[in-house]
Amino acid sequence: MLFAAVGAAVLGKWGESALLLFLFSLGHALEHYAMKRARKSIAALSDLAPPMALVKRNGAFTEVHIEQLELGDIIVVKPNTKIAADGVVALGTSPVNQASITGESIPVDKRPSPRWQNENEVKSLLPEHRVFAGTMNGSGVLEIKVLKRAKDSTLSRLITLVKEAETQKSPTQHFTDKFEKYYVPSVLVLVLLLSFAFLILDETFEQSFYRSMSVLIAASPCALAISTPSAVLAGIARAARQGVLIKGGRPLEDLGGIKAIAFDKTGTLTEGRPTLTHAIPFGTTTKAHLLKIAVAVEALSDHPLAAAIVEAGKIELGNVEIPEAENLKALIARGVRADWEGSIIHIGNRRLFEELTGEKIPKEIDGRMSELESDGNTTMIIHQDDTYLGLISVMDIARPEALTTLATLKKMGIKRMIMLTGDHQKVADAIAKNIGITDPMGGLLPEDKVRAIETLKREEGSVAMVGDGVNDAPAMAKSTVGIAMGAAGSDVALETADIALLADKLDNLPFAIGLSRKAKLIIKQNLMISLSMVALLVPLTIMGTIAIGPAVVGHEGSTLVVVLNALRLLKYEV
């Protein structure tokens, strides 16, 4: 542009030279202002964390800079103030607005962890016990044990990764870069040849040179160069506001073209922990009596299923007094035995009671057990002395949002939704039937999941893998786009995934896919606008139909239009 302005001045066209510089400067000023709006959305993340924190040390309160916080410090967070560090709640209850990190619109009620003194990892905590730097405390006072230094907080990692993502080029951007590599020299050769058109045409050197300067302006690929980066920047910024970290232009573009999604089961489609689903008494036994015995005996066990039975059983029984059991004995691959209220209690599987009684279990119990197992439940019989009391069952139940999320994905055109799990195929089938999975695949080892992804890629061309980003890392690496869920607090998940859903919810997956499709559409529109403008202006300037002024207006106008078009992504909603 400067070369064209100097050329116009040399020819004595001072007015057009001044107009060229003015419009060029104005266009770029507006372009930079528009791009700044996109970058502001990312820069705003840096302002989320408060600069100071109130620390409780030796019974006294001291205000220190967040960089001076040490692991294990207890910080006090007053109502309606920002939390200064990632940590575990030690004292107090309060709703916390985590939208700035996870994108969740509803505040999460926080309460102390029973083991807060021994907690050292944010990622291992339940959502109600962990807090993140930069989130907003509600109406209560919280005391929080610091588990991450300021430079290592989830917010700091998020800011770093978002800034890195800005520099990652998309496939379209790689294509335009390659195109420009040949296009720019070609334009310069054309301009040089047009400068000597007076040798062939009946015109002066000044006329040929003026035409060549007009063509130089018209053919300048500024709009083409900015069309993809502006859309990628705006898309990444919008996703970050929603609690979705997209690590560059490639996953932003690729996700929109996905037609098949593979999900890990445990912790992704399901809650990730067993839940008591049924307590079914038989004969004259009451449900309360059945639960009392189950809670009393399982309270002595350290098995994960036992904890689920005790927790849910106590909630259902309320304030009822439960006599303690004693002398628990684990019966390997069968169940447990214990003494309770002067009687002998057995809780276990069919094998245990067939060995104990020497007979088949009653048909009524066996039939009900089979029904529950076909639905994916792990079912246990409860037996007191010589009497069958009933059944209890536990299951890793589907997330509440799984059904609606998968239904939304189906409406969006996702043809295949595959579940990959190490659980038995019966369990996989039962959960798949309830939530809308099209292809349940059970009994898979980690290496089997990798092979399943490779097969899906051959069949579908591209496939996304959704998991926790840790034990699913090999399968994610093989997929077209790896998506980690619940990545807030997990450095491994943030590093391994192409896209990280920071909230521990599936809801943001349709948003991420929709945003990707919108970004791809806008990139295509921008390429069409920029290339169409060049295709229109170059012939008109070569024929002398338009002069430098209109060429500058068209050139700068198209550059500004593609940037403003890209900024529409900042307002994207599902």
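This text goes with the structure placed above it.
Because the structure is a prediction, the values reported are computed rather than measured.

Mapping T480 onto the fold places it in the loop between helix 17 (473-478) and strand 21 (481-485). Given a relative accessible area of 18%, T480 falls into the buried group.

What follows covers helix 7 (residues 222-241). It helps to recall that an α-helix has 3.6 residues per turn; residues three or four apart then point in one direction. Between the first and last C-alpha of helix 7 there are 29 Å, a value that for 20 residues agrees with the 28 Å anticipated at 1.5 Å per step. Among the 20 residues of helix 7, 16 are classified as buried, and the element is accordingly described as predominantly covered. A positive backbone phi angle near 80° is found at G243, which sits one or two residues after helix 7.

Note on sheets: strands pair through backbone hydrogen bonds, and any given pair is parallel or antiparallel. Ordered in space as 2-1-3-9-4-7, the six strands form an open sheet in which the pairing is antiparallel. Looking at the sheet topology across the chains shown, the edges are occupied by strand 2 (60-65) and strand 7 (130-131). In this structure, strand 1 (residues 52-57) lies alongside strand 2, joined through six bridges in antiparallel fashion. Residue pairing in the sheet places A53 in a bridge with V64 of strand 2.

This paragraph deals with the environment of H65. Take H65: it is sitting in strand 2. Considered as a pair, H65 and L54 are eleven residues apart in the sequence and their alpha carbons are 8.9 Å apart. Setting aside chain neighbours within four positions, we find H65 in contact with P51 and M52.

This part covers the sheet that holds strand 14 (residues 335-340). The strand order across the open sheet built from six strands is 12-17-16-15-14-13, with neighbouring strands paired in antiparallel fashion. Looking at the sheet topology across the chains shown, the edges are occupied by strand 12 (275-281) and strand 13 (326-331). Pairwise comparison of adjacent strand axes, ignoring direction, gives a mean angle of 20° for this sheet. Here strand 12 pairs with strand 17 (residues 387-395) via six bridges, running antiparallel. Bridging across to strand 17, L276 finds its partner in V394. Here helix 13 (residues 363-374) sits on the sheet in contact with strand 12, strand 16 (378-384) and strand 17, set at roughly 0° to strand 17.

I261, F263, L409, I437, I483 and L509 are the most contacted members of the largest nonpolar core, which has 51 residues in total. Of all the elements, helix 19 (residues 508-542) adds the most residues to this core, at nine residues. Within the second largest apolar cluster, 23 residues are counted, among which are A294, A325, V336 and A338.

On to unusual backbone geometry. Even without a glycine there, the phi angle at N327 is positive, about 55°. Inspection of the secondary structure assignment puts N327 in strand 13. Backbone geometry at E341 places phi at a positive 50°, although glycine is not the residue there. As for its placement among the helices and strands, E341 is situated in the loop between strand 14 and strand 15 (343-348).

For the rest of this paragraph, the subject is the environment of L506. With respect to the element layout, L506 can be found in the loop between strand 22 (499-501) and helix 19. Overall, the relative accessible area of 0% leaves L506 in the buried class. With 107 residues separating them in the primary sequence, L506 and R399 have C-alpha atoms 8.6 Å apart. Filtering out sequence-adjacent residues up to four positions away, L506 remains in contact with F263, T268, L269, R399, E401, A402, T405 and M485.

Attention now goes to the packing of aromatic side chains. Throughout the structure, instances matching the rule amount to two aromatic pairs. Arranged with centres 5.7 Å apart and planes meeting at 45°, the rings of F511 and Y572 form a pair that is tilted. Taken together, the positions of F511 in helix 19 and Y572 in the segment after helix 20 (548-567) put the pair 61 residues apart, joining distant regions of the chain. With relative accessibility at 2%, the residue F511 sits in the buried group. Its relative accessible area of 13% is what places Y572 among the buried residues.

Using the criterion set out here, one finds 24 salt bridges in the structure. With a closest N to O distance of 3.2 Å, R149 and E70 form a salt bridge. Of this pair, R149 sits in the loop between strand 9 (142-146) and helix 4 (154-166) while E70 sits in the loop between strand 2 and strand 3 (74-77); the two residues are 79 residues apart in sequence, bridging distant segments of the chain. Judged by its relative accessible area of 34%, R149 falls in the partly exposed class. Between E316 and K287 there is a salt bridge whose closest N-O contact spans 2.8 Å. Of this pair, E316 sits in helix 11 (residues 304-317) while K287 is found in helix 10 (residues 287-298), placing the two residues 29 residues apart along the sequence. When its relative accessible area of 45% is taken as the criterion, E316 is described as partly exposed. Several salt bridges share partner residues, and in doing so they unite R416, D439, E459 and E460 into one network.

So, how was this worked out
- Counting starts from 1 at the beginning of each chain's written sequence and moves along it residue by residue.
- Only residues with pLDDT of at least 70 are given local features in this predicted model, and only at 80 or more are side-chain atom pairs given and counted; all residues enter the totals for whole chains, interfaces and linings.
- Hydrogen atoms and water are omitted, and side-chain values are computed over all heavy atoms in the structure.
- Secondary structure counts use DSSP, requiring at least four H or I residues in a row for a helix and at least two E residues in a row for a strand, with both numbered from the N terminus.
- Under the scheme applied here, a residue whose accessible area is under 20% of the maximum for its type counts as buried, over 50% as exposed, and between as partly exposed, the area being computed with a 1.4 Å probe on protein chains only.
- In this analysis, the expected span of each helix is defined as 1.5 Å times one less than the number of residues it contains.
- Whether two strands pair depends on DSSP finding at least two bridges between them.
- Should any heavy atoms of two residues lie within 4.5 Å, those residues are considered in contact.
- Axis geometry follows a simple rule: fit a line to the C-alpha atoms, using only the stretch in contact for helices, then measure angles between N-to-C directions, giving values from 0 to 180 degrees.
- To qualify as a nonpolar core, a set must consist of buried Ala, Val, Leu, Ile, Met, Phe, Trp, Tyr and Cys residues joined through side-chain atoms within 4.5 Å.
- Note on ring pairs: Phe, Tyr and Trp rings are taken, using the six-membered ring of Trp, and paired if centres are within 6.5 Å. Classes follow the plane angle, with under 30 degrees stacked, over 60 edge-to-face and the rest tilted.
- Salt bridge criterion: a side-chain nitrogen from Lys or Arg within 4 Å of a carboxyl oxygen from Asp or Glu.

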